[in-house]
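Commentary on secondary and tertiary structure
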Amino acid sequence: MPTYAEIYQRSIEHPGAFWAEAAEGLHWEQRWEQVLDRTAQPTPRWFAGGRLNTCYNALDRHVDAGHGERLALIYDSPVTDQIQRYSYQALRDQVAALAGAIAAQGVGRGDRVIIYMPMIPEAAMAMLACARLGAIHSVVFGGFAARELATRIDDCQPKLVLSASCGIEPNRTVAYKPLIDAAIEQATHKPTACIIKQRPPLAAELQPGRDLDWDEAVAAAEPADCVPVAATDPLYILYTSGTTGRPKGVVRDNGGHAVALHWSMANIYGAHAGDVFWAASDVGWVVGHSYIIYGPLLAGCTTLIYEGKPVGTPDPGAFWRVVSEHGVKVMFTAPTAIRAIKKDDPKGEHLARYDLSGLQSLFLAGERCDPDTLHWAEVLLEKPVIDHWWQTETGWAIAANPLGIEQLPIKAGSPTRAMVGYDVRILDDQGQERPVGEMGDLCLKLPLPPGCLPTLWNNDERFREAYLSAHPGYYLSGDAGFKDADDYIWIMSRTDDVINVAGHRLSTGQIEEVLASHPDVAECAVIGVHDALKGQLPLGLVVLKAGVERGVAELNAELIQRVRDQIGPVAAFKLVAIVSRLPKTRSGKILRSTMVKIADHETWTMPATIDDPAILDEIAASLREMGYAR
Ligand code: COA
Ligand code: AMP
């Protein structure tokens, strides 16, 4: 058996041969003309000239090969007390019927469809039905507010919205329909139809002429067949936070994506057809796209849609109950979920109630994994716990421990080594490589491997500017870190204004825009402060306009509500301090990173360019009052 090092080397030296071989595992309507078209703009494209259908490869291919009875999807919902199971045949038939209902609304190849759904099987069906028609889906996480939905509607201009009447959070029912109505009202672009899954406990009122009942639309539809598309055609757009308030529409293609995910299932996760693979995330995030829906189904695994939380639904044994009840072999979640379980069940008493002998490994990603959390899980599970690093933009792991090939030694705090096709370099500001052990920009030498974003939706220019312009010939990840003498990668921080709250990526700039729009606010800065559970939390420092004399408590509550209403509960924005001014350099740049260091008790030095050093004392005092800084 070749080693990881041999396989990696081959992928870098002979990418064409490497990925052509990986592509053989899928069904192609027409083979590619070029494995890698290096002339394509703004980036080289994989499998140019090839044609395939991602839904066919995820569902029909297994049915046609005689595996229709195999379990494709398990829906486990502690919040509604339900478990449902779908075979590949059943899931394929339901997806074909839904695709028929979508096509009946005039949606075809290349048209966009917004999906705004809770964690129910219909969310998976919605994504796969779009893929079946060659339509481009854009899933919006249920924790985003109407304004965020409206921004995405205007950017991708969908013909159709697929949604449900409500989502169920442990403490409340979230009515989706009023959010959709408000978003469509706010957006300039108007989708022509909405198909709404009515679910207890809350039915939605449907708007005649625009809204259709999901079940009725599906019952009336003729099942639709798979539409072959170009390998380079977009499969989906997924919006993610950038430095500004406007989210970036990350585009994923069909061919490279299917090939990369199929390869990753066997080689990174060690998961094969028939295995139960569970990513405890949400379809609204990239982890949900890649490893709840497409990866496991492309590999013929059984995937799990879990509508619940790590704790409180009903207790911190929830994850282990699911693992033992459904025979999960490989599990994937965010470190924050493990921290939440560890906090409520430090000795693993809930965990001890379940037979976890079938579990082979636990993978963690989405944020930095602190060594304590990793060790806690390792000791209690007695299985490899693997940290791996990736981003919405890449769609699959940049660095990991490839258990399907061989297990490399685990170093807590590092996501291990670069995965195939990723040529990871640490660069300084001048574009020179940093020596071993020294920090710099984590960059990927072009071309990126299959599966990574080819561009941003309708915005090649922003793509070039955000990712390709800092270091010509390299993709800029936005993370800073270093490589050690064993080529292990260490991710230390972001280099931009992105923060990571409970594994969710947020832009401080976006929160600042909302705060700044309050009539009483003169200026503001939002920083990410350390949080023991969620990794980071956003904290707003606000300067009021002269003459504003309202109560601080009232104002704080308004600012917090404003962020919740305009970005959504997912922003978890609950910390605000009113200050007299913000620390700035003489050229007017706000000293955010100095404030973060003060809040997080890190050593910091007075910036030489600061215009008024005294202000940092006031900021430190405000932070101390909120339980931060020393
Ligand atoms: N729809 C509507 N609201 C949602 C939502 C959804 N799909 N998901 C979360 N929210 C709401 C929550 O109800 C909460 O609202 P609240 O302020 O009224 O309490 C808010 O958004 C913040 O949610 P969250 O950050 O998830 O915090 P929490 O306190 O509810 O739970 C954890 C804490 C650690 C249990 C939770 O963050 C968790 O499970 N994280 C896993 C992260 C993950 O899977 N990330 C994906 C990347 S791999
Ligand atoms: P997202 O696009 O939401 O998946 O967020 C990607 C970002 O999360 C990365 O750029 C990192 O900043 C962070 N991240 C993801 N995985 C890891 C990891 N294993 N270690 C450290 N940071 C991570």
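Residues numbered from 1 in each chain as written. Chains lettered and ligands numbered in written order. Predicted model: local features only at pLDDT ≥ 70, side-chain atom pairs only at ≥ 80, totals over all residues. Heavy atoms only, no water.

Notes on the domain arrangement of the protein
Its domain assignment divides the protein into domain 1 (4–308 + 388–481) and domain 2 (502–625). Distance between the C-alpha centres of domain 1 and domain 2: 33 Å. Contacts between the two partners involve 17 residues from domain 1, matched on the other side by 15 residues from domain 2. Summed over both sides, the interface of domain 1 with domain 2 buries roughly 1300 Å², with 44% coming from carbon and sulfur. Per-residue buried area on domain 1 facing domain 2 is highest for Arg147, Ser241 and Gly245; these three make up 36% of the total on that side. Viewed at the interface, domain 2 and domain 1 are joined by one salt bridge. (Domains from an automatic or database assignment. Contact = heavy atoms within 4.5 Å. Buried area = accessible area lost by both parts, 1.4 Å probe. Salt bridge = Lys/Arg side-chain N within 4 Å of Asp/Glu carboxyl O.)

What to know about the site of ligand 2
Taken together, 15 residues surround ligand 2, and among them Asp387, Thr392, Asp479, Arg494 and Arg505 come closest. Between ligand 2 and Arg494 there is a distance of 2.7 Å, counted from an oxygen atom to a side-chain nitrogen or oxygen. In the environment of ligand 2, an oxygen atom lies 3.2 Å from a nitrogen or oxygen atom belonging to the side chain of Asn500. Relative to its free-state accessible area of 490 Å², ligand 2 is covered by the protein chains to the extent of 92%. Along the lines of polarity and charge, the residues of the shell around ligand 2 split into four nonpolar, five polar and six charged. (Near = heavy atom within 4 Å. Polar contact = N/O pair within 3.5 Å; in protein donor to acceptor, adjacent residues only side chain to side chain. Areas by Shrake-Rupley, 256 points an atom, 1.4 Å probe, with all protein chains shown as cover. Nonpolar A, V, L, I, M, F, W, Y, C, P; charged D, E, K, R; others polar.)

Remarks on the UniProt feature "domain: AMP-dependent synthetase/ligase" (unreviewed entry) in the protein
Feature annotation in UniProt assigns "domain: AMP-dependent synthetase/ligase" (unreviewed entry) to the following positions: residues 65–445. Along residues 65–445 the backbone is 31% helical and 25% strand, and the end-to-end C-alpha distance reaches 39 Å. (UniProt positions renumbered as here; feature names shortened; annotations may be inferred. Helix = DSSP H or I, 4+ residues; strand = E, 2+ residues; numbered from the N terminus.)

Brief notes about the pairing of strand S4 (residues 71–77)
Along any regular strand, the residues point their side chains to alternate faces of the sheet. Counting buried positions along S4 gives six out of seven residues, so the element sits mostly inside the fold. One ladder, built from six bridges, connects S4 with strand S5 (residues 82–87); its direction is antiparallel. Within S5, the residue paired with Leu71 across the bridge is Ser87. Hairpin connection from S4 to S5: four residues lie between these consecutive antiparallel strands, with Asp81 at a positive phi of about 60°. Two strands pair when backbone bridges link them, and S4 and strand S17 (residues 302–306) are joined in this way by four bridges, in the parallel orientation. Within S17, the position partnered with Tyr75 by the bridge is Ile305. (Buried < 20%, exposed > 50% of the residue type's maximum accessible area, 1.4 Å probe, protein only. Pairing = 2+ DSSP bridges.)

Quick word on the packing of aromatic side chains
Applying the stated criterion to the full structure yields 31 aromatic pairs. Consider the rings of Phe18 and Trp19, whose centres lie 4.9 Å apart with planes at 80°: the pair is edge-to-face. The residues Phe18 and Trp19 share a single accessibility class, namely buried. Note on Trp28 and Trp32: the rings are 4.9 Å apart at their centroids and 70° apart in plane angle, and the pair reads as edge-to-face. Judged by relative accessible area, Trp32 falls into the buried class, the value being 12%. When the ring centre of Trp32 is taken as reference, the NZ or CZ atom of Arg31 above it lies at 4.4 Å. (Phe/Tyr/Trp six-rings, centres within 6.5 Å; stacked < 30°, edge-to-face > 60°. Lys NZ or Arg CZ within 6 Å of the ring centre and 35° of its normal.)

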